[in-house]
Amino acid sequence: MGLPGFVQVTLSKHGESQKIMLKEFKEFAMRGNVVDMAVGIIIGAAFGKIVTSFVNDVIMPPIGMLLGSVDFSDLAITLKAASAEADAVVIRYGAFINTVLDFIIVAFAIFIVIRQMNKLKKVEEAPVAAPTTRDCPKCFSAVPIKATRCPFCTSEI
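Residues numbered from 1 in each chain as written. Predicted model: local features only at pLDDT ≥ 70, side-chain atom pairs only at ≥ 80, totals over all residues. Heavy atoms only, no water.

A. Focus on a nonpolar patch on the surface. A contiguous nonpolar patch, built from Ile77, Leu79, Val89, Ile91, Tyr93, Phe96, Val100, Phe103 and Ile104 and spanning about 860 Å² of accessible area, is present on the exposed surface. At the level of secondary structure, the elements contributing two or more residues to the nonpolar patch comprise strand E1 (77-80), strand E2 (89-91) and helix H3 (93-124). With 5 residues, H3 is the single largest residue contributor to the nonpolar patch. Position of Phe103 relative to the elements: it lies in helix H3. Looking at Phe103, the relative accessible area reads 59%, which means it is exposed. (Patch = residues over 30% accessible without salt bridge, like charges linked within 9 Å, V, L, I, M, F, W, Y side chains within 5 Å. Areas by Shrake-Rupley, 256 points an atom, 1.4 Å probe, with all protein chains shown as cover. Salt bridge = Lys/Arg side-chain N within 4 Å of Asp/Glu carboxyl O. Helix = DSSP H or I, 4+ residues; strand = E, 2+ residues; numbered from the N terminus. Buried < 20%, exposed > 50% of the residue type's maximum accessible area, 1.4 Å probe, protein only.)

B. Local environment of the environment of Val55. Take Val55: it is sitting in helix H2 (residues 32-66). In this structure Val55 comes out as buried when scored by relative accessible area, which is 0%. It is 6.8 Å that separates the C-alpha atoms of Val55 and Leu101, two residues lying 46 residues apart in sequence. With residues up to four places along the chain from it excluded, the contact list for Val55 reads Met60, Pro61, Asn98, Leu101, Asp102 and Ile105. (Contact = heavy atoms within 4.5 Å.)

C. Looking closely at the pattern of salt bridges. The final tally for this structure, using the stated rule, is 1 salt bridge. Across the pair Arg149 and Glu156 runs a salt bridge, and its minimum N-O distance is 3.3 Å.

D. Molecular detail of unusual backbone geometry. One non-glycine residue with positive phi stands out, namely Phe140, at about 65°. Assignment of secondary structure puts Phe140 in the loop between strand E3 (133-135) and strand E4 (142-144). Positive phi values are uncommon outside glycine, yet Thr154 reaches one of about 60°. Locating Thr154 in the fold gives a position in the segment after E4.

E. Structural detail: the side chain of Ser155. Inspection of the secondary structure puts Ser155 in the segment after E4. On the basis of relative accessible area, Ser155 is assigned to the buried category, the value being 15%.

F. Structural detail: the environment of Pro144. On the secondary structure map, Pro144 appears in strand E4. For Pro144, a relative accessible area of 46% corresponds to the partly exposed category. Separated by 12 residues in sequence, Pro144 and Thr132 place their C-alpha atoms 6.0 Å apart. When near neighbours in sequence (up to four residues on either side) are disregarded, Pro144 contacts Thr132, Thr133 and Arg134.

G. Summary view of the packing of aromatic side chains. Inspection of the entire model under this criterion finds 1 aromatic pair. Taking 6.4 Å as the distance between ring centres and 35° as the angle between the ring planes, the aromatic pair formed by Phe108 and Phe111 counts as tilted. One end of the pair is Phe108 and the other is Phe111, both in helix H3 and 3 residues apart, which spans about a single turn. Judged by relative accessible area, Phe111 falls into the partly exposed class, the value being 46%. (Phe/Tyr/Trp six-rings, centres within 6.5 Å; stacked < 30°, edge-to-face > 60°.)

So, to be careful, I would describe these as geometric facts and stop short of saying anything about function.
Structure representation (structure tokens):
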């Protein structure tokens, strides 16, 4: 025994709408802008990891050494000591300093990249050449800018 007619129609329409929706999603996902954005996000995440390592492993150790062998990641203010039931409550301002330096380095790198892109964009934009002709007001023919008389209708310009 089959399904009633209206149920079969509803199911087939639902399947068709899913196919249409899947097709639309595929077209959306394969557009250049979406793919470019996804690549940018992935590269950005990888760049963030590199910057974090640079700050934690290259910049902060010499700064800590200059300040008397301080490890910034360990700097914290203890608000409540640890107990048997709960961990200590601390403000980890050293980790915050590391994160701020991460941000400054990433922001500076992005600034440099955008600055270079803007310079390249300005080079690509060629200046518009000044017009060498104008239209005759009487016959609407193209006449050199320096002309005082139209060569086509002989009227003064």
